[in-house]
Structures are given as C-alpha cells and as structure tokens.
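Chain by chain, the residues run as shown.
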Amino acid sequence: MRSLNRLKWLHAFEATARHGSFTGAAQELGVTPAAVGQLVRALEDWVGHPLLHRARSGKERLTLVSEAQEALQDITQGLDKLESGLNKLRGRRARSVVVVTASQVLMMNWLMERLNRFSEAHEAIDLRLNVTEKLMDVSHGEADVGIRCGQGDWPGVDKTWLMDEEAVLVCSPRLVPPEKTACSVWLSQQKLIHDDTPHPGANFPGWDEVLSTLNAPAAKESGLHINSTSAVILAALSGRGVAIVRHALVKALISTEQLTQLHPDHRWPLTWSYYLVTPQHAVMRPEVRIFHDWLITDIATESGAA
C-alpha cells in the first residue's frame, strides 16, 4: 500500500537536496522552511538515520550523506516520471489555467472588462474566477493571483501596488438636470444613498463630510442605507438617489453615461489602494507571470492615457 505522506517527504527531501537549504526548498514548494524541515525529519525517522549533514554556516548548510547520494537520483527520476504521467493525463487538450480571485463588486465593475481583454490577447490561457471576500484563497494557494483594495497589510501574501483610489459622487443622469451637476443646494435636496459596507482604515467620507466640503446645506432626510457596495451602485443606476462610491468601480459607468459624476472637480482621496496579491512563497508559473505582468501594464497604460 502506497503512502501519500511518503511522497510529501520525498518531494521535500529532493527539493532540499537541490537547494542545499530548507529555505530554498520552501520557496519552491510554497510552504515555510519549518514545514520542509519537519517533512525531511519525518523521512529520516522512517529510514532510521540522518540523510543530511547540517552545517552551522556556509552557502550550502545542508549536504547529503553518502548513503543518500545514489538514492537521490532514483527519487528525482521517480518524481520526474510522476510529472510526466500527470502531463499525459492532461493530454493534448491541456490548457494553461490561471485562477483569479477578487471581491464581487471589484469583479463586476472593474476587473471583468480587463479579463476579457486578456483572454482576447492570450487565447491559450484559460482564466478561472473565484469570487470571494477572503484573502485565504491566495495565501493558501487556492488561487494564483488576487486583486484587492485596502491598506495592503494582508498577511501571508506578496503584493504589487496597482493604483490609488478616491471617492466620487454619482447618480443616474435621469435624476439630475445638466446645469445642476455642480449645484450644492440641489445635492442637499436629493435622497442620499449611504454605503454602510465597512471600509476599515480607508478614510471613506460620509455625507456630513461631503456636504460640508461642498458648503451645501444639511440633508433634509436620513436617506437610504445599504450594506453592500454593489447594491449602492445599482441603487444609483436605478435613480434611487445620489451615492458616494469608489471611483474605479464606476469609472466605466461614468464614461458610458450610465452614471453622472457630480461635482467632478472635487475628490476625496482614500487611504486604500489596489494591489495584485500572490502567495508569499510560491514561484509563479509562466502563465501566471504573463497575467501578472499584463495586468500591471494594462493599468499603467490606462492611467497614462487618462
């Protein structure tokens, strides 16, 4: 009977032997050095003797004992055979797959158009979407890349800054006369939509702050409170009132005139930014690197054009 645990032991041992350190093996395998060390020690316990010389210093702190030299060649060939067998299972129909995760509102209002452009430019790479609010999918390797908006202090992931964010005022063009788009008095008379979604550390403005900045009279009613950013945007689109939203999420809707931006000369910068996140210790597969670099370039190109 085969033991999957032994396969994990062998994988960790072979990587450690090639890198000469638990750290190098950990970076390849996407786990911690301590986890690699535990797997190797479990293999040593099973065979009944040490497999590595452990030096206190030097470039290669771990070296094979003589008894392990010959065995390593067979182990390496065996792992290569397993990889070859997996590729044969995939066959000629195999395609490169990149799993992308993002929140629902980000996917719907900002990312989807970009994913379509990527697929048109890279037909051999399939994108699979994991819509979730949790970063655990990335840090545990259940997704290849994630796009998130926040302060960038998420544990267990590497991050690449994409762009900063700001809040803007929007409503349906059916609601506002063209001459009122920058009228503070008109704004204070409208139903105000409140986004009650938590924005921890974002410095997201409330309506009291916005009206004060615009020297507008206080609102006459409590307005409409919604605890979902996606629903806030839908409410604005349907003419339910005026909303404060993140600019990136409505930029396309403004450009296609589905939403009108009010007081366009005013901005409320947020302390949140957009980041591309990847597992902290994982080495990117070629197709993941292609998507990673393409998205960074696409956003930079759009920002430059703007």
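Keep in mind that what you see is a predicted model, and the values were worked out from it rather than measured.

## A few points about the packing of aromatic side chains
Per the stated rule, a full pass over the model turns up four aromatic pairs. With 5.4 Å between their ring centres and 70° between their planes, Phe118 and Trp294 make a pair best called edge-to-face. Taken as a pair, Phe118 in helix α5 (residues 104-121) and Trp294 in helix α11 (residues 286-305) lie far apart in primary sequence, 176 residues in all. In this pair, the class of Phe118 matches that of Trp294, namely buried.

## Considerations on the pattern of salt bridges
Applying the stated rule across the entire model yields nine salt bridges. Here Asp293 ties to Arg289 by a salt bridge, and the two come within 3.4 Å at their closest N and O atoms. You can see Asp293 and its partner Arg289 sitting in helix α11, four residues apart, about one turn around the helix. Residue class for Arg289 comes out partly exposed when judged on its relative accessible area of 38%. Taken together, the shared-partner salt bridges in this structure form one network comprising Glu113, Arg114, Arg117, Asp298 and Glu302.

## Comments concerning the pairing of strand β3 (residues 96-102)
Burial analysis of β3 places five of its seven residues in the buried class, the great majority of the element. Where β3 meets strand β4 (residues 125-131), seven bridges bridge the pair, whose relative direction is parallel. Residue pairing across strands places Val100 opposite Leu129, the latter belonging to β4. The handedness of the β3 to β4 crossover, carried by α5, is right-handed. By the bridge criterion, three bridges tie β3 to strand β5 (residues 145-150) in an arrangement that is parallel. Across the sheet, residue Val100 finds its bridge partner in β5, namely Val145.

## Focus: the pairing of strand β9 (residues 242-246)
In terms of burial, β9 is a largely internal element, five of the five residues being buried. What you see with β9 is no split at all: Val242, Ile244 and Arg246 on one side and Ala243 and Val245 on the other are buried throughout. Relative to β9, strand β6 (residues 157-171) runs antiparallel, the two sharing four bridges. By the bridge assignment, Leu169 is partnered in β9 with Ile244. Pairing of strand β7 (residues 192-195) with β9, which is carried by two bridges, proceeds in the parallel orientation.

How each quantity is defined
- Residues numbered from 1 in each chain as written.
- Predicted model: local features only at pLDDT ≥ 70, side-chain atom pairs only at ≥ 80, totals over all residues.
- Heavy atoms only, no water.
- Phe/Tyr/Trp six-rings, centres within 6.5 Å; stacked < 30°, edge-to-face > 60°.
- Helix = DSSP H or I, 4+ residues; strand = E, 2+ residues; numbered from the N terminus.
- Buried < 20%, exposed > 50% of the residue type's maximum accessible area, 1.4 Å probe, protein only.
- Salt bridge = Lys/Arg side-chain N within 4 Å of Asp/Glu carboxyl O.
- Pairing = 2+ DSSP bridges.
- Right-handed = clockwise from strand over helix to strand, strands pointing away.

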